[in-house]
Amino acid sequence: MKQAMGCSDLVERLELVLGKQLPDSELVALKAHVEGCERCRQLLEVCRGEQVLEHTDGLVGGVLARTSGSACSRVHSMLCDYVDQMLQGDDAALVQGHLNYCSGCAQLASVLEELVVALPQMASLDPGPFFTGSVVAATRSTQPPDKWALLLSYLSQVFQRPRFSLEAAYVGALLIFLVFGGVPVKSVGGVASATLAGFQLNLSELVQDTPAVLSNSWADFYNSCESRVERKMQATQVALGSAFESLQGSAEQLRDMSDEHLLKPTAALIQDVTEKYEEYSRSFSSAEASEDHPVETAE
Amino acid sequence: MGADVRATGSQLNLDEVLHRCRRGDELAWESLVRNYQSRVYGLAYHYVANSEDARDLAQDIFVKVYKNLRKCPNADSFLPWLFRITRNASIDHLRRKRVRPPASQVAEMDMNSLVDHSCDPEEHWLKEVRRGLFRKALQMLTLLNREIIILKEIQGLTLEEMAGILDVPIGTLKSRSHRARLELAEKVLALSQGQGGTNS
Ligand SMILES: [Zn+2]
Ligand SMILES: [Zn+2]
């Protein structure tokens, strides 16, 4: 009678089986077991090199537990670099090897890979259609960011304008004729307006004399130069003369205009205010006087 | 998504826009707000985890930006500067509220993500569910780890820029950033395995 063989029998006789030195009687009994036992069949196949083991979690894990300890924590420390493809040669292959067998680390790696793509896409969120409008409305009420920057940029724009000097001359002339234009304000009355009128008279005489003074000295200059200066100078003189004439013309226009639209209304306003003030001070002093009387009579 | 923000931004020179804003140009200011509002709102949202609070906060942040435009650097460092203001305002907000919202309270679907509408609705919906899970997991991290994820992985800042914003040494950030990512992945895994029973 042949004895029935078990799993342990195969393990004990494994070396003999592989070396084909097992007695036939035992071989038949062992074959009968292996045919019915998946585990032993696999063991034989692996030992003969016919099959590469695929599910060795238990085996490798068991060995590591009794030797170096789990490799997972080491893999965790390298996993970000692995996902970012920053690992050098062997390290990448070793981690890849671990991931092939360790489902825990493999899942973690796949989440890390997903996050690499998904997180940057979460940088922007739409705050809704009314957001921009509400921010602009909220900032409109606040002061402009920088008054100095505003002023400086305006000035730099002004100075960069090509006709700046011409404009400056124009504005200067405008100012002179507006302030010292010889417009009569004597009618305003009062000490202050009398002083202003006197001041203005002096100035207007000066301003009115200026063209004569200028043209006289221009004639002197021209005469003294005439003998020596060539046609070029004459042409320049003609151009300058006509420029001066047109300047004089526009200055007169400007004066008429400012007289009509600015100084006359202003003078009228000043007169009006002066009258109102005088009227008020008269009524005030008479009220004071009438208040004084009862006090005096009471005593 | 960030792509359309960059697209509109690239048509205009940021230095020129900033220059105009400093001069009080309302149109330039409006365009600056429009171009950066989704980044500021997105960043604030990841800190405060509440869309209403984040919207109010983002508006306050832009008012602050407007008042400080004079101190604003050139175009290259504008974004880190903007993020610094946003981050500090968000931290102040959290400090005022005194509570870190528990992960369970984080609204998952009340977001108006900037998605390309080319993809089909189901795919979009699945993506949103997944994002909700990431946000939930993010709220489970410690503040520093959360900030590292928000600034580096989500907003794409460099370690140098982050060190300036968080006032933490680069070395610390470098060693912590892998740990933070791994921790986030672990939380995501745990949350999705918790959901696994109902989903599959
Ligand atoms: Zn067996
Ligand atoms: Zn592992």
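Residues numbered from 1 in each chain as written. Chains lettered and ligands numbered in written order. Predicted model: local features only at pLDDT ≥ 70, side-chain atom pairs only at ≥ 80, totals over all residues. Heavy atoms only, no water.

Draft legend 1. The coordination of the zinc ion (ligand 1), seen in detail. Residue and element names in this part refer to chain A. Taken together, the protein ligands of the zinc ion (ligand 1) are C7 (SG), H33 (NE2), C37 (SG) and C40 (SG), with distances of 2.1 to 2.4 Å. One can describe the site at the zinc ion (ligand 1) as tetrahedral: its four donor atoms subtend angles covering 103 to 116° at the metal. Going along the chain, you hit the donors of the zinc ion (ligand 1) in the pattern C-x25-H-x3-C-x2-C. One end of the pair, C7, is in helix 1 (residues 7–12); the other, H33, is in helix 3 (residues 24–36), and 26 residues separate them in sequence. Residue H33 is classed as buried on the basis of its relative accessible area, which comes to 16%. (Donors = N, O, S within 2.8 Å, 3.2 Å for Na, K, Ca; no water. Tetrahedral: all angles 85-135°; square planar, octahedral: opposite > 155°, others 65-115°. Helix = DSSP H or I, 4+ residues; strand = E, 2+ residues; numbered from the N terminus. Buried < 20%, exposed > 50% of the residue type's maximum accessible area, 1.4 Å probe, protein only.)

Draft legend 2. Examining the interface of chain B and chain A more closely. With 50 residues of chain B at the interface, the matching set in chain A holds 39 residues. For the chain B and chain A pair, buried surface summed over both sides reaches about 4,100 Å², with 67% attributable to carbon and sulfur atoms. Here chain B and chain A share two salt bridges between them. In this structure, B:R130 and A:E114 form a salt bridge, with 2.6 Å as the shortest nitrogen-oxygen distance. Put simply, chain B and chain A have ten residue pairs in polar contact (both at pLDDT 80 or more) between them. For the side of chain B that touches chain A, the secondary-structure elements that each account for two or more residues are helix 1 (2–11), helix 2 (14–22), helix 3 (26–48), helix 4 (51–67), helix 6 (121–138), helix 7 (143–154) and helix 9 (170–199) of chain B. Ranked by residue count, the leading element in the side of chain B that touches chain A is helix 3 of chain B, at twelve residues. (Contact = heavy atoms within 4.5 Å. Buried area = accessible area lost by both parts, 1.4 Å probe. Salt bridge = Lys/Arg side-chain N within 4 Å of Asp/Glu carboxyl O. Polar contact = N/O pair within 3.5 Å; in protein donor to acceptor, adjacent residues only side chain to side chain.)

Draft legend 3. Spatial organisation of the nonpolar core. Grouped together as the largest cluster of nonpolar side chains are 82 residues, with contacts concentrated most on A:L79, B:W29, B:L32, B:F78 and B:L184. With sequence-adjacent residues up to four places away left out, B:W29 is seen in contact with A:V135, A:V136, A:T139, B:C21, B:F62, B:V65, B:Y66 and B:L69. If you look at the next biggest cluster of nonpolar residues, it comprises eleven residues, including A:M5, A:L14, A:V17 and A:L44. (Core = buried A, V, L, I, M, F, W, Y, C linked by side-chain atoms within 4.5 Å.)

Draft legend 4. Summary view of the coordination of the zinc ion (ligand 2). Residue and element names in this part refer to chain A. Within the protein, the zinc ion (ligand 2) binds to C72 (SG), H98 (NE2), C102 (SG) and C105 (SG); these donor distances fall in the range 2.0 to 2.3 Å. Site description for the zinc ion (ligand 2): donor spacing in sequence, C-x25-H-x3-C-x2-C. Summarising the burial analysis for this pair, H98 and C105 share the class buried.

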